Amino acid sequence: MKKIKKIGVLTSGGDSPGMNACIRAVVRTGLYNGLKVYGIKSGYNGLIHDDFMPMHRDSVSHILHRGGTILKSARSMEFMEAEGRKKAYENLKKHGIDALVVIGGNGTFTGASVFMNEFDIPIMGAPGTIDNDLYGTDMTIGFDTALNTVMEAVDKIRDTATSHDRLFFIEVMGRDAGFIALRSGIAGGAAEILIPETHTYIDDLIETLENQQKANVHSGIIIVAEGDDAGGAFEVAAKVKEKYQHYDTRVTVLGHIQRGGSPSSFDRILASTMGYEAVIALLGGRKGEMIGIVNKDVVYIPFEKAIKQYKIVRGEMLKMAKILSS
Ligand code: F6P
């Protein structure tokens, strides 16, 4: 096994709060272990376009508490092509980089996995996405902060919902996964939570609302994951309104405020741990794996598994949410 002397770190895919804390951990753990560390800008695009910068201790000063990513992020189309990946490898060789830490989600690890199958370059991953949709880790970097952002927004909207006896449909992120919707719905006391993992029956939703009316509850919050099969919040609200005219409905799409902001203490600690562990794992000869934390233990999940296996939404939690808000 070739001794690792220089490593690169990049962030790719949707940014998430805590990515900077993770970059900081990778850089400082690398430097502590006598490595040279390079930051690669704009995800895999930086690999292809030779956008590398040497990282020093001070390069990562005062970033622990900042949202976004100082390295910038992108979803690289060029890296999906063999030609792009070849250029990326040539640039890595040119700079003498022996290994990589990639911070991102599904697309990031898919790219890393293909790259590693084609070229001899060890890669370790840290899961950075607000969606929490990666198999093999309890939480991804940024999920907790995004949840808190949504919860605060729901609390504020509830004030108006209650004051005006209104029904609010709040759309949260999650094209394919309902983790943000489910957890923020429970934390915010939503009357209903609509997620992509389960089929939405508008009639059932209306029944819930009618029952609430009978129980003298005239306002409420419905959380809709953007990828729900009944549509986004606007569509669901229109379907409800069509059948149930008396409701005074409003729609709020939270959008990208969920992706930004200063990371929570949980995310800072998670990101720091994962960045640190990724470098230690590379030095110990590991590759092709995502760092996960399960029940407080560090685990190593092969990229293939992290992206292909499905993280289950616990049906019991949906049931609980419904009982608690009824
Ligand atoms: O994967 C993170 C995520 O925020 C999803 O929840 C969302 O569907 C998507 O990214 C939005 O992507 P973009 O910022 O490219 O519009």
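None of these values were measured; they are calculated from a predicted model.

Rules used throughout
Residues numbered from 1 in each chain as written. Predicted model: local features only at pLDDT ≥ 70, side-chain atom pairs only at ≥ 80, totals over all residues. Heavy atoms only, no water. Core = buried A, V, L, I, M, F, W, Y, C linked by side-chain atoms within 4.5 Å. Buried < 20%, exposed > 50% of the residue type's maximum accessible area, 1.4 Å probe, protein only. Helix = DSSP H or I, 4+ residues; strand = E, 2+ residues; numbered from the N terminus. Domains from an automatic or database assignment. Contact = heavy atoms within 4.5 Å. Pairing = 2+ DSSP bridges. Right-handed = clockwise from strand over helix to strand, strands pointing away. Axes fitted to C-alpha atoms, helices over the stretch in contact; angles between N-to-C directions. Left-handed = near helix turned anticlockwise from the far one by under 90°.

Caption draft 1: Just the nonpolar core, in detail. Judged by nonpolar contacts, the single largest core of 59 residues is most densely connected at I7, I170 and I221. At 8 residues, helix α5 (residues 143–164) tops the list of elements feeding residues into this core. The residue makeup of this core includes at least three contributed by each of domain 1 (6–142 + 263–308) and domain 2 (144–259). Aside from chain neighbours lying at most four places away, what touches I170 is V154, I157, I221, I222, I223, V224, A233, T252 and L254. Counting 27 residues, the second largest nonpolar core, distinct from the first, contains Y38, F79, A88 and M290.

Caption draft 2: Structural view of the pairing of strand β1 (residues 6–11). Counted residue by residue, β1 has 5 buried out of 6 residues, so it is predominantly covered. With 4 bridges joining them, β1 and strand β2 (residues 36–40) adopt parallel strand pairing. Residue pairing in the sheet places G8 in a bridge with Y38 of β2. The parallel pair β1 and β2, bridged by helix α1 (residues 19–32), forms a crossover whose chirality is right-handed.

Caption draft 3: The arrangement of the packing of α1 against helix α9 (residues 265–283) in detail. As a packed pair, α1 and α9 sit with axes 7 Å apart at the nearest point and diverge in direction by 35 degrees. Pair α1 / α9 crosses with right-handed handedness. Taking contact as the criterion, the partners of A21, C22, A25, V26, T29 and G30 in α1 are, on α9, R268, A271, S272, G275, Y276, V279 and I280.

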